[in-house]
Amino acid sequence: MPTISRTKPKITWLQVVIHTLGWLPLAWLFYDYFAGRLSVNPIQDIEQRLGRIAVYFLIATLACTPFNSLFGWLEFLKRRRALGLYAFMYTSLHVMVFAGLDYGFNLSQLFDLITQKLYLLVGTIALLMLIPLAATSFDYFIRRMGRNWKRLHWLIYPAAIISMLHYALAQKGNLFALRGNILKPFLLGIFMILLLVLRNPSVRKWVIGIRRKLSVRSRHLRHANKINPG
Ligand code: HEM
C-alpha cells in the first residue's frame, strides 16, 4: 500500500517575528493601561497609539514587494497578507476605541463629527477602502476573483496615501502651512510614497535587473578570487 507522506508546513523565522510583532504592541498597551502608565487622558492615548501602530503595519505591508525586488527574498511576499491583516486589526481597534469608548457608539453624533471634521472624514474614507481589501485577502477570494482581485487590491495605493493624510491632519498644527507636530507623518508619508513607486511594475523590473547584474558580477569576482587567490 502506498504511504502518504504529509509534510508539515514549515514555520519560518520571519513568520515568528511578524506574529510576535503583531501582538506585542497590544500586549504592551494592556500592560501600560493596567500599570497606570498611560497619560491623564488614557482613551486618547490608546486611540492615538493604535492609530500609529496601524500606520507602521501598513508601511510594513507596502515594504514587502520592494524588499523582494531589492533582496530577491520570496519570503517577504508570502508575509504580506499577515502584515496587512495586522494593519487592519489595529485600524479597526483604533476606530472602535474612538467610536465605542469616546462616543459610546452614538451613531448620529459620530456621523455629525465625521462630516464636520476633515481628518475624520479622510480617515473614514481610508477605512472604507481597507475593508474590502482585508475581507478579500484570503485564498478563496484570490482564486474566485481572478483578475478582479488584482484590480480591487490596487485600492491599497489610495488607501495608504489617504491614511497618511488622516495621520497628518489629526496632528495639532497645520498640515498645509507645515506647522506643528507633522514632521513624523510627513517623513513617513514620503517613505510610503517611495515604497509605492518601487511597487510600480516598470520600476520593479528595473530594480530586479540591477540586483541580478550585481549578483552575477559578485559571483564572477568570487570565482576569479578562487582561481587566482591573492
Ligand atoms: C486607515 C484608517 C486609519 C488609520 C491608519 C488611522 C491612523 C491614525 C493615526 C496615525 C493617528 C494619529 C495618532 C497620533 O496622534 O500620534 C490618528 C488619529 C486619530 N484618528 Fe485615525 N486612523 C484611521 C481611521 C480613522 C477613522 C475611521 C476614525 C474615526 C472615524 C479615526 C479617528 C481618529 C481620531 C479621533 C484620532 C485622534 C486625534 C487626536 O489626537 O485628537 N481614525 N489616526
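The model shown is predicted, which means the values in this text are computed figures rather than measured ones. Numbers given for residues are sequential positions, taken from 1 along each chain in its written order. Since the coordinates come from a predicted model, pLDDT governs what is reported: local features require at least 70, and pairs of side-chain atoms require 80 or more to be given and counted, while whole-chain, interface and lining totals use all residues. To obtain the side-chain values, all non-hydrogen atoms of the structure were included, while hydrogens and water were left out.

### Focus: the nonpolar core
Turning to step 1, where the next piece is worked out: Counting residues in each nonpolar core, the largest one holds 41 residues, and the members touching the most others are Leu50, Phe57, Leu62, Tyr90, Ile156 and Met192.
Turning to step 2, where the next piece is worked out: The helix and strand labels rest on DSSP assignments: H or I over at least four residues marks a helix, E over at least two residues marks a strand, and numbering proceeds from the N terminus. When contributions to this core are tallied by element, the ones reaching two or more residues are α1 (13-34), α2 (42-71), α4 (80-102), α6 (118-135), α9 (156-170) and α10 (183-198).
Turning to step 3, where the next piece is worked out: It is α2 that provides the largest number of residues to this core, a total of 11 residues.
Turning to step 4, where the next piece is worked out: What makes two residues a contact is simply this: any of their non-hydrogen atoms within 4.5 Å. Aside from chain neighbours lying at most four places away, what touches Phe57 is Leu21, Gly22, Leu83, Tyr86, Ala87 and Tyr90.
Turning to step 5, where the next piece is worked out: What makes a nonpolar core is a set of buried Ala, Val, Leu, Ile, Met, Phe, Trp, Tyr and Cys residues whose side-chain atoms join them at distances within 4.5 Å. Partly exposed describes any residue whose relative accessible area lies between the buried limit of under 20% and the exposed limit of over 50%, with all areas from a 1.4 Å probe on protein chains only and scaled to the type maximum. Core analysis: the second largest hydrophobic core is formed by five residues, Phe98, Ala99, Leu110 and Leu113 among them.

### Digging into the side chain of His153
Turning to step 1, where the next piece is worked out: Residue position: His153 is located in helix α8 (residues 147-153).
Turning to step 2, where the next piece is worked out: Assessed through its relative accessible area of 16%, His153 is described here as buried.
Turning to step 3, where the next piece is worked out: Each residue touching His153, except ones within four places of it in the same chain, is listed here: Leu133, Thr136 and Ser137.

### Some words on helix α11 (residues 201-227)
Turning to step 1, where the next piece is worked out: Under the convention used throughout, the expected extent of a helix is 1.5 Å for every residue step, that is, one less than its residue count. Here α11 spans 39 Å end to end across 27 residues, near enough to the 39 Å set by a 1.5 Å rise per residue.
Turning to step 2, where the next piece is worked out: For α11, a buried count of two out of 27 residues is recorded, marking the element as mostly open to its surroundings.

### Concerning the coordination of the iron atom of the ligand
Turning to step 1, where the next piece is worked out: Excluding water, the donors of a metal are its N, O and S neighbours within 2.8 Å, or within 3.2 Å for Na, K and Ca, and that exclusion means sites may look incomplete. Within the first shell, the iron atom of the ligand binds the protein through His94 (NE2) and His166 (NE2), at distances of 2.0 Å.
Turning to step 2, where the next piece is worked out: In this structure, the iron atom of the ligand is coordinated by six donor atoms arranged in octahedral fashion, with angles at the metal of 87 to 180 degrees. In this pair, His94 sits in helix α4 while His166 sits in helix α9, placing the two residues 72 residues apart along the sequence. Every geometry call rests on angle ranges, with four donors termed tetrahedral when all angles are between 85 and 135 degrees, four termed square planar and six termed octahedral when opposite donors are over 155 degrees apart and all others are between 65 and 115, and everything else termed irregular.

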